[in-house]
Amino acid sequence: MYLTPQHILLAGASGLTGEHLLDRLLNEPTVTRVLAPSRKPLAEHPHLENPVGDPAVFLPQLSGQVDIAFCCLGTTIKQAGSEAAFRAVDLDLVVAFAKRARELGARHLIVISAIGADPKSSIFYNRVKGEMEQALKAQDWPQLTIVRPSLLLGERLEPRLAEQLAGPLSRLIPGKYHGIEVCELARAMWRLALEEQDGVRVVESDELRKLGK
């Protein structure tokens, strides 16, 4: 069954994937409102509401009916400055955003995790992503879609050296470890948002690439 969502809540709209997803949402004829809080102002659009500031301040202040929520929040340990700061964004802020989205009436959350996410992983990054998935499942969403992309391919305003080095190689790796273009990921997330089903769905990167074609 397919939905025609009208009111969208989007976190991470200023990031690499969030930018592409926001552009798609604002050009969808069924979408009449996109609520996209961010730390920096986004480009103006008649269907866009863009509260600007500290997430800890504006999350409780968000208002209005929401049909579907997208979470594209994410950073790196280098950008965050420490493991604790990374966890504060990729776990705590994601969970807080999801909780607020649910309070605003969203029945479906689509969230970006990562390939290899596992709460028992010995790799810190994968472990935090796995803990985040676990926490969202505990919120008992009517519909929760977790997407696990491999290396994201696209032009960032602030390039990440590791991605620049690994990008060419990731295009050669088969299966779910093959790199994924951010425009494909954004398309896949929108298509997943239109599907109505109950429970949790985890979508790996190879399936995301097919959905995003």
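Residues numbered from 1 in each chain as written. Predicted model: local features only at pLDDT ≥ 70, side-chain atom pairs only at ≥ 80, totals over all residues. Heavy atoms only, no water.

By the naming in an unreviewed UniProt entry, the protein chain is NAD dependent epimerase/dehydratase family protein, taken from Pseudomonas synxantha.

Our focus in this paragraph is the packing of aromatic side chains. Tallied over the entire structure, the rule returns two aromatic pairs. A ring pair is formed by Phe 86 and Phe 124, whose centres lie 5.8 Å apart and whose planes are at 55 degrees; its orientation type is tilted. With a gap of 38 residues between them, Phe 86 in helix H4 (residues 83–103) and Phe 124 in helix H5 (residues 124–138) connect regions that are remote in the sequence. Both residues of the pair, Phe 86 and Phe 124, count as buried. With centroids separated by 5.5 Å and ring planes inclined at 35 degrees, the aromatic side chains of Phe 86 and Tyr 125 adopt a geometry described as tilted. Of the two residues, Phe 86 is situated in helix H4 and Tyr 125 in helix H5; the sequence distance between them amounts to 39 residues. (Phe/Tyr/Trp six-rings, centres within 6.5 Å; stacked < 30°, edge-to-face > 60°. Helix = DSSP H or I, 4+ residues; strand = E, 2+ residues; numbered from the N terminus. Buried < 20%, exposed > 50% of the residue type's maximum accessible area, 1.4 Å probe, protein only.)

Its 21 residues give H4 an end-to-end C-alpha distance of 29 Å, which sits within 8% of 30 Å, the value for a rise of 1.5 Å per residue. The sharpest bend along H4 measures roughly 30 degrees and falls at Asp 92. Among all positions of H4, only Phe 86, Asp 90, Leu 91, Leu 93, Val 94, Phe 97, Ala 98, Arg 100 and Ala 101 are buried. Where the residues of H4 are buried, they touch strand S1 (7–11), helix H2 (55–58), strand S4 (68–71), helix H3 (77–80), strand S5 (108–112) and H5. (Expected span 1.5 Å × (residues − 1). Bend = angle between axes of the 7 residues up to and from the residue. Contact = heavy atoms within 4.5 Å.)

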